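Each chain, written out:
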Amino acid sequence: MISYREGNELNVDVVTDLYRASTLGARRPIEDRERFAAMIAGANLVITAWDGDVLVGMARSLSDGCYVSYVADLVVRDSHQKQGIGRELLRQTRKRAPKAQLVLLAAPQATEYYPRVGFAAHPSAWMLKPGEPL
Ligand SMILES: CC(C)(COP(=O)(O)OP(=O)(O)OC[C@H]1O[C@@H](n2cnc3c(N)ncnc32)[C@H](O)[C@@H]1OP(=O)(O)O)[C@@H](O)C(=O)NCCC(=O)NCCS
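The structure presented is a predicted model; accordingly, all values stated were derived computationally and were not measured. (Residues numbered from 1 in each chain as written. Predicted model: local features only at pLDDT ≥ 70, side-chain atom pairs only at ≥ 80, totals over all residues. Heavy atoms only, no water.)

## Focus on a nonpolar patch on the surface
The line we're drawing: Each patch is assembled from residues with relative accessible area greater than 30% and no salt bridge, linking like charges that lie within 9 Å and nonpolar side chains (Val, Leu, Ile, Met, Phe, Trp, Tyr) that lie within 5 Å. With residues, only the protein chains shown are counted as cover, and all accessible areas are computed by Shrake-Rupley using a 1.4 Å probe. Salt bridge criterion: a side-chain nitrogen from Lys or Arg within 4 Å of a carboxyl oxygen from Asp or Glu. The helix and strand labels rest on DSSP assignments: H or I over at least four residues marks a helix, E over at least two residues marks a strand, and numbering proceeds from the N terminus. Partly exposed residues are those whose accessible area sits between 20% and 50% of the maximum for their type, while under 20% is buried and over 50% is exposed, using a 1.4 Å probe and protein chains only.
Where nonpolar side chains cluster on the molecular surface, the patch consists of Leu62, Tyr70 and Val103 and spans about 250 Å² of accessible area. Counting through the fold element by element, Tyr70 comes out in strand β4 (residues 68-76). Here Tyr70 falls in the partly exposed class, since its relative accessible area comes to 45%.

Structure representation (structure tokens):
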């Protein structure tokens, strides 16, 4: 039985452990504790999934509450994948801001996932990485 909670008041070590337990750990700066803590603190729409007292999933978004919610991370512990937790995290995220569209960049491992749960690819997504000239 998985329970879902809203809020970013989370122990950074517990969240680090979750990211380590999935492939997303290699794609986020989890070794930089201060920066990772700031990523959690700076997200204003965070839904977590719990198996008892074990954190098994998280959707970390930045939302204006009415137009767009940017899903920065969606992560489910390897041991708990393919049980509907990722989809439920997205549902719960959308429930908090039902008029907002969900926007995200897929990790390479998840490019087949998002169409499966209903997302459409956008033909003009653009990125400017830190330090790149502007
Ligand atoms: C991608 C991820 C969040 C999916 O979470 P999940 O809880 O395993 O997914 P769900 O159980 O909600 O799956 C919903 C459906 O998608 C399918 N699915 C799950 N992972 C998939 C994948 N990587 N590729 C294609 N389909 C996938 C499931 O089989 C299920 O299909 P069904 O509706 O026919 O039963 C999870 O695998 C994960 O954390 N991966 C590592 C981190 C990552 O890449 N995150 C994305 C960052 S953008």
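Additional details are given in the paragraphs that follow.
## Considerations on the side chain of Arg60
Here is the rule we go by: We call two residues in contact whenever any of their non-hydrogen atoms come within 4.5 Å of each other.
Along the chain, Arg60 falls in strand β3 (residues 54-63). Using a relative accessible area of 8% as the deciding quantity, one classes Arg60 as buried. Those residues in contact with Arg60 that lie beyond four places of it in its chain are Tyr19, Met39, Ile40, Ala43, Leu45, Val46, Tyr70, Val71, Ala72 and Asp73.

## Topic: helix α1 (residues 12-20)
Selection criterion: Regarding the arc, it is the one traced by the directions from the helix axis to the C-beta atoms. Distance and chemistry together define a polar contact, namely a pair of N or O atoms within 3.5 Å, with one atom able to donate a hydrogen and the other to accept it when in protein, and with adjacent residues in sequence counting only for side-chain atoms on both sides.
For α1, the complete set of buried residues consists of Val12, Val15, Thr16, Leu18 and Tyr19. Here the buried residues of α1 occupy an arc of 155 degrees about the axis, which is enough to place them on one side. Along its buried surface, α1 packs onto α2 (33-42), β3 and β4. Between the side-chain oxygen of the N-cap and the backbone nitrogen of Asp13 there are 2.7 Å, and the N-cap of α1 in question is Asn11.

## Observations regarding the site of the ligand
Which entries qualify depends on this criterion: By convention in these notes, a residue is near a molecule or strand provided one of its non-hydrogen atoms lies within 4 Å of it. Polarity classes work like this: nonpolar for Ala, Val, Leu, Ile, Met, Phe, Trp, Tyr, Cys and Pro, charged for Asp, Glu, Lys and Arg, and polar for all others, with Gly in that last group.
Within the structure, the ligand sits among 23 residues, and Val76, Lys82, Gly84, Gly86 and Arg87 are positioned closest to it. One of the backbone N or O atoms of Gly84 is found 2.6 Å from an oxygen atom in the ligand. A distance of 3.1 Å separates an oxygen atom of the ligand from a polar side-chain atom of Arg116. Burial of the ligand by the protein amounts to 82% of the accessible area it has alone, namely 900 Å². Here the shell around the ligand is built from residues that sort into 12 nonpolar, 7 polar and 4 charged.

By themselves, these are just geometric observations and shouldn't be taken as functional.
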